[in-house]
Each structure stands twice: as structure tokens, then as C-alpha cells.
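Listed below are the residues making up each chain.
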Amino acid sequence: MWEKHSSSGSYSAAELVLIRKEALSVELKSISNASFLGLIFNKVKNRGKLMKTTCLINNYNYDSYVLEAVNSALNQTVSFDEIVVVDDGSTDCSAEILEQSYASNPNVKLVIKENGGQLSCFQAGLKAASGDIFFFLDADDFYAPNYLEEALQVYQDTSCDFLFCSHKDVKQHKGEQSEERIHQVYNKTLDLGYSVILSTWANGNHYLGNVTSTLSSKKEFLARLFPYPFMSDWRIQADLYLIFGSSMAGAKKAYCHQPLVTRRIHGKNLYAKAGYGSNLRPSSSDRKLYYNNLRRARFKHILKDKLGIDPSFIQYIDIEFKTIDEPTPDTLNTYLKIVDRTNLSVLEKMRKKLSIYRHYLSRRSKYSQTKRSQYIANKP
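Please read all numbers here as calculations on a predicted model, not as lab measurements.

Turning to the overall build of the protein, a few remarks are in order. The helix and strand tally for the protein stands at 13 helices and ten strands. In the protein, which comprises 380 residues, the proportion classed as buried is 51%. Taking as baseline every contact in the protein between residues at least 6 positions apart, the subset at least 24 positions apart corresponds to 82%. Put simply, the protein shows about 18100 Å² of open surface, and 51% of that area lies on carbon and sulfur atoms.

See the structure below:
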């Protein structure tokens, strides 16, 4: 799963190659500075250490599906170190079924709590678990048997802190599967680099993530996001909090193009249930848009203060862009638009845009037309 690296004080040739690669990724032309060298070496050294994995399953009134979700986590080609199931005050038979099925299983930990919504489940699960990497799963979804094995390989190959993958949407009616559709975000596996500035300053819905059950993250970045004072804002769609928050917390992101998760579309999906959202849940599309923008603006404001993000960060926008291994045209346009909205001087804006565009062209030229990365989510 993970190979250990030497902990000796000297640098091997392979480690020096990785150190130089990290230095170049942030436009540092020399690695002679001892403090910087030590910082990067620690990152390189930690890439291969054994990491404990946790599957965190959140459940609310999914007694018809939750066993399949848990079993899909149990039956992996590479086993999870622990599986934590958080029941959010279900009023069906979920808690009883879970206790009967897994109470004697040492690898499954059950957390039964009062109803508080999806984000509160994530927080409760983090407190109850001991893993280094958390893999999230909605109780009505399930993993492919090789999900964890493939995900860990991408973690190792890209040295990322946050990973998401493609998924299959399966529509069900009266328990019978009627339609299956693969949903991909990009056309291939990608190292997406850092996105502090992107997630903080980009307008609209430009974010690096997918639905809850495709997400995973190292615990150190999740720990920076909790506790959150307005938990009820994210009773549903808490995946957006994880996605934006992890970017703002400085997580390096990657994407796996394989559809390793199956998401069910059915009549009990919580987003379709009017009674499960916040008391402020809108009843019309306009009010829904207003509410979603309001809660997103609120958590960005709170996290900017909590994480120490200030306007001076914008001067590093071109350096952040250069951490992206293969930026797509959509990503290029988003960063250029952010530059346009800054308070930088006209000359400095031109310099930033030129720096960004040069990196884009240099990376795109390395791939043939058919192998270049593309953002394909929601596109036919």
C-alpha cells in the first residue's frame, strides 16, 4: 500500500530530484536555503509513510441501503483500517440494523447521534476516528471493490492531500435499476495542484471536487475546518463545505478519472426531501440561489479569518497556477478573470497574466491534442 522511505539525514539522488521538482513548482530557482530544503524534504519523506485509512459513512433513514454501503467498504481489495458509521438520528430501523450487523465487528465503529445534518455527521465522525486519510461515503451509495487501492495509488503518485474521483449515477424506481450514467469531471487523472486563491476569489461554482462519496482528504486539512459555528447551514450538500474548505486550507488536490463510486438517484435522496434542510431552506429557485450564495459567502468569510487568508495572497496567483500540472482552458480563463478583478496595477496584471499564460502553453505543448486535459463535467 505505502512504502516507507529512509529516515537518514542525507539525501538520496531520488529525494534530491523530488526536492528540485518541488522547488521549481513554486518558482524557486535555488534549493540552497537550509530552512526551505528541510521543509520540502519533510514533505518528500512523509510521502511514503504508512497512513491509516478511515471510511466515514453518514446515514439518515437509509435502512434500505446502509448495509450495502458498509459492506462495500468492508470488501475492498485493500482494507480500510477502520470504518466509522455516523447515524444522524434516523427514525427508521437504521440504528438497529447497524448494531445487529456490526456491533461485534472490530473494524466498524458506530456513532449514534441526535439529528443535526450532514456536516454535523462529518464532525462527529472526525472526533470518533483515528485515521490519517478520510474517505467519505453517503449511506445510499457504494464503492467499487478496488476503490481504496486505486485511490491510495493516486495519493502516492501525486502526493496530494485531497482526492476525488468519477462516479456512476444509477437511477432506481421501486428498487429496480433503470438507468446508469458515468459522470466524469475531467477526461483523465490529474494533479490539480493548490487552489487557495481559486477557491477564495473565483466567482460562481468553480471548485475542485465532486459528490460526497467520491471525496477523500488527509485529516490535517479537515481538522482546520472544524468546528464550524453555523452547522445548520450545511444540513445537506456538506460536500461543498469540504471541497471549498479544503482548498482554502491549502490542500493539494488530485482527480482520479476512474468511476469507482456508484451514486443512487432515488425517491429518498435527502436533497429532494423538503423537511431535511435548514429552516431557511427556500421554496423557489430564486430563494434557493439566494440561500446557497448566502451560506457560501458566510463560510468563506469565516474560513478566511480562521485560516489567515488576506488580500495580499492575490500577488501569488501566478505561482499557484504553476502548481497545476496540466491546467485546462477553463482553469486558465478562471485565473485570468480573477487577475482582472484584483486591485493590482495595470502593469502587474499584465505580468501576472503573461506568467500564467506561459505556464499554460508550456504544459499544454507537452501533450498531443487527443491527450490534453479537458474539463468535461456536465458536458455532453
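What follows deals with helix α12 (residues 329-341). Helix length check: α12, at 13 residues, gives a terminal C-alpha distance of 19 Å against a target of 18 Å (1.5 Å per residue), a fit within 8%. All of the buried residues in α12 are Thr 331, Leu 332, Thr 334, Tyr 335, Leu 336, Ile 338 and Val 339. For α12, the secondary structure elements touched by its buried residues are α7 (196-201), α11 (317-321) and α13 (346-364).

It is worth spelling out the nonpolar core at this point. Ranked by internal contacts, the top residues of the largest apolar core, which has 57 residues, are Leu 119, Phe 164 and Tyr 241. The greatest single-element share of this core, amounting to six residues, is contributed by helix α9 (residues 239-248). When near neighbours in sequence (up to four residues on either side) are disregarded, Tyr 241 contacts Leu 119, Leu 225, Phe 226, Tyr 228, Trp 234, Ser 246, Phe 299 and Leu 303.

This part is about empty space enclosed by the protein. As enumerated under the stated definition, the model contains two cavities of 30 Å³ or more in all. Its volume calculated, the largest cavity comes out at about 70 Å³. Taken together, the residues of the lining of the largest cavity break down into eight nonpolar, three polar and one charged. In this structure, the second largest cavity occupies an estimated 40 Å³ of space.

Time to look at the environment of Glu 220. Tracing the sequence through the fold places Glu 220 in helix α8 (residues 219-222). When the C-alpha atoms of Glu 220 and Asp 161 are compared, they prove to be 8.9 Å apart, with 59 residues separating the residues in sequence.

The subject of this paragraph is the pairing of strand β4 (residues 133-138). Both faces of the sheet carry side chains from a regular strand, because those side chains alternate between them. Of all the six residues making up β4, six are buried; the element is thus mostly covered by neighbouring parts of the structure. A two-sided burial pattern is seen for β4, the buried positions comprising Ile 133, Phe 135 and Leu 137 on one face and Phe 134, Phe 136 and Asp 138 on the other. For strand β1 (residues 53-59) and β4, the ladder comprises six bridges, and the chain directions are parallel. Its bridge partner lying in β4, Thr 53 is registered against Ile 133.

The next point concerns helix α3 (residues 66-74). Regarding α3, the residues found buried are Val 66, Ala 69, Val 70, Ser 72 and Ala 73. All buried residues of α3 project into a common sector of 160° when viewed along the axis, lining one side. Structurally, α3 contributes buried residues whose contacts are with β1, β2 (82-88), α4 (94-102), β3 (108-113), β4 and β5 (142-143).

We now examine unusual backbone geometry. Look at the link from Phe 226 to Pro 227: it is a cis peptide, with omega at -5°. Relative to the helices and strands, Pro 227 resides in the loop between α8 and α9. One non-glycine residue, Ser 159, lies in positive phi territory at about 55°. Locating Ser 159 in the fold gives a position in the loop between α6 (147-158) and β6 (162-173). When its relative accessible area of 9% is taken as the criterion, Ser 159 is described as buried.

Parameters at a glance
- Residues numbered from 1 in each chain as written.
- Predicted model: local features only at pLDDT ≥ 70, side-chain atom pairs only at ≥ 80, totals over all residues.
- Heavy atoms only, no water.
- Helix = DSSP H or I, 4+ residues; strand = E, 2+ residues; numbered from the N terminus.
- Buried < 20%, exposed > 50% of the residue type's maximum accessible area, 1.4 Å probe, protein only.
- Contact = heavy atoms within 4.5 Å.
- Areas by Shrake-Rupley, 256 points an atom, 1.4 Å probe, with all protein chains shown as cover.
- Expected span 1.5 Å × (residues − 1).
- Core = buried A, V, L, I, M, F, W, Y, C linked by side-chain atoms within 4.5 Å.
- 1 Å grid on protein atoms, 1.4 Å probe; cavity = no way out; pocket = protein on both sides within 12 Å on 5 of 7 lines; lining within 4 Å.
- Points joined across faces, edges and corners; volume = space filled by probe spheres on them.
- Nonpolar A, V, L, I, M, F, W, Y, C, P; charged D, E, K, R; others polar.
- Pairing = 2+ DSSP bridges.
- Arc of directions from axis to C-beta.

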